[in-house]
Amino acid sequence: MEIGSLKVQVVKKDIKNIHLAVYPPKGSVRLSSPRNVNDETIRLYLVSRIGWIRKQQRKFEKQDREPRRDYVPRESHYFLGQRYLLRLEEKNAPPLITLTNKYLTLQVRPVTSAEQREKILNAWYRKQLKQLIPPLIEKWERILDVSVEDWGIRHMKTKWGTCKIEAKRIRLNLELAKKPIQCLEFIIVHEMVHLLERKHNEIFFAYMNRYLPKWKMYRQELNSLPMGKGLT
Ligand SMILES: [Zn+2]
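Residues numbered from 1 in each chain as written. Predicted model: local features only at pLDDT ≥ 70, side-chain atom pairs only at ≥ 80, totals over all residues.

A. Geometry of the overall build of the protein. The number of helices and strands found in the protein is six helices and 11 strands. Taken over the C-alpha trace, the protein has a radius of gyration of 23 Å; the compact-globule value for 232 residues is 17 Å, which it surpasses by more than 25%. Projected onto the principal axes, the alpha-carbon positions of the protein cover approximately 70 × 55 × 30 Å. With 232 residues in all, the protein has 18% of them scored as buried. In the protein, of all internal contacts separated by at least 6 residues, the share reaching a separation of at least 24 is 46%. (Helix = DSSP H or I, 4+ residues; strand = E, 2+ residues; numbered from the N terminus. Rg over C-alpha atoms; globule rule 2.2 N^0.38 Å. Buried ≥ 20, exposed ≤ 12 C-beta atoms within 10 Å, placed from the backbone. Contact = placed C-beta atoms within 7 Å.)

Rendered as structure tokens:
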């Protein structure tokens, strides 16, 4: 059965209730129904559950792209392209993150969930980016002779960055904190070049070639990593 762009495998069985499931890895949808339920009822049921189905599918999509992390000791985590091994220290004090050559030490209160540790680490990544981004924007404002009115950091699933040209506002993906700083700079330059040229056309790429001749290398680096994202 098809509901818009959604394909659902419908199986009629000797059961009492409708059962709906979304399966990894591709998020295929299967509905089992009692034999006496007609197609119209099934269709209405599916329409009422479409939000839930899409949510499950997005979850699988995300798992597919990003390696799952449990925030346990010796797990690999990245900052500015460098790999660090996670070390956990439990202490009754506000969370603290320190970096040494090899280790990223996460000092947390006793008994934190993986989710809490993820939040602490993401807050730290955000703080680092907030320090790294302004000087890069200032540098490129001078070189490109444009001005950025507003910028922000978002956790985006499908894009490294975005630019709202009218508002002169750029958004950068939080994940960039894990990539080499040249990749962060490349995304900033890409989004700022949109203030000179809206579209990804010859003019746009001529600017990129002129101002950041190695941009293709950085793009390749970003796209080759497990979670390849696009650019706008
Ligand atoms: Zn773009």
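So that's the structure; there's more coming.
B. The arrangement of unusual backbone geometry in detail. Although it is not a glycine, Arg74 sits at a positive phi angle of roughly 75°. In this structure, Arg74 sits in the loop between helix H2 (50-65) and strand E5 (76-79). Backbone geometry places Leu80, a non-glycine residue, at a positive phi of 50°. In this fold, Leu80 is placed in the loop between E5 and strand E6 (82-90).

C. Focus on the nonpolar core. If you look at the biggest cluster of nonpolar residues, it comprises 29 residues, and the most contacted ones within it are Ile187 and Ile188. At eight residues, helix H4 (residues 181-193) tops the list of elements feeding residues into this core. Both of domain 2 (76-122) and domain 3 (129-224) provide at least three residues apiece to this core. Excluding anything up to four places from it in sequence, Ile188 contacts Ile133, Leu136, Ile137, Trp140 and Leu172. (Core = buried A, V, L, I, M, F, W, Y, C linked by C-beta atoms within 7 Å. Domains from an automatic or database assignment.)

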